[in-house]
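Each chain is listed here by its residues.
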Amino acid sequence: MNDNRIEGTEHQVKGAVKEGVGKLTGNTSKEVAGNLEKNAGKAQKNIGEAQDEIEDLDD
């Protein structure tokens, strides 16, 4: 497992929390920022998974 998968998961969790807090408090900018971070984390995690698959092919 590479760093992109780990960091991507961290960003997904942080983003989901920010998004939830934004919804609860009515803070639209925090909600949007959380959503963006969550989706960026998903993308980063997917990149990490692809990198792992490529490394597995090399073995």
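These numbers were taken from a predicted model, which means no experiment stands behind them. (Residues numbered from 1 in each chain as written. Predicted model: local features only at pLDDT ≥ 70, side-chain atom pairs only at ≥ 80, totals over all residues. Heavy atoms only, no water.)

Moving on: the side chain of Glu37. By the secondary structure assignment, Glu37 is in helix α2 (residues 28-58). For Glu37, a relative accessible area of 15% gives the class buried. Non-local contacts of Glu37, meaning those with residues more than four positions away in its chain, are made with His11, Lys14, Gly15 and Lys18. (Helix = DSSP H or I, 4+ residues; strand = E, 2+ residues; numbered from the N terminus. Buried < 20%, exposed > 50% of the residue type's maximum accessible area, 1.4 Å probe, protein only. Contact = heavy atoms within 4.5 Å.)

A word on the packing of helix α1 (residues 3-25) against α2. The geometry of α1 relative to α2 is characterised by a closest axis approach of 7 Å and an angle of 165° between their N-to-C directions. Looking at the two axes, α1 sits roughly antiparallel to α2. α2 is crossed by α1, and the crossing has left-handed handedness. In terms of residue class, the contact of α1 with α2 is built from 3 nonpolar, 13 polar and 14 charged. (Axes fitted to C-alpha atoms, helices over the stretch in contact; angles between N-to-C directions. Parallel < 35°, antiparallel > 145°, perpendicular 65-115°, else oblique. Left-handed = near helix turned anticlockwise from the far one by under 90°. Nonpolar A, V, L, I, M, F, W, Y, C, P; charged D, E, K, R; others polar.)

Remember, this is a structural readout, not a statement about activity or role.
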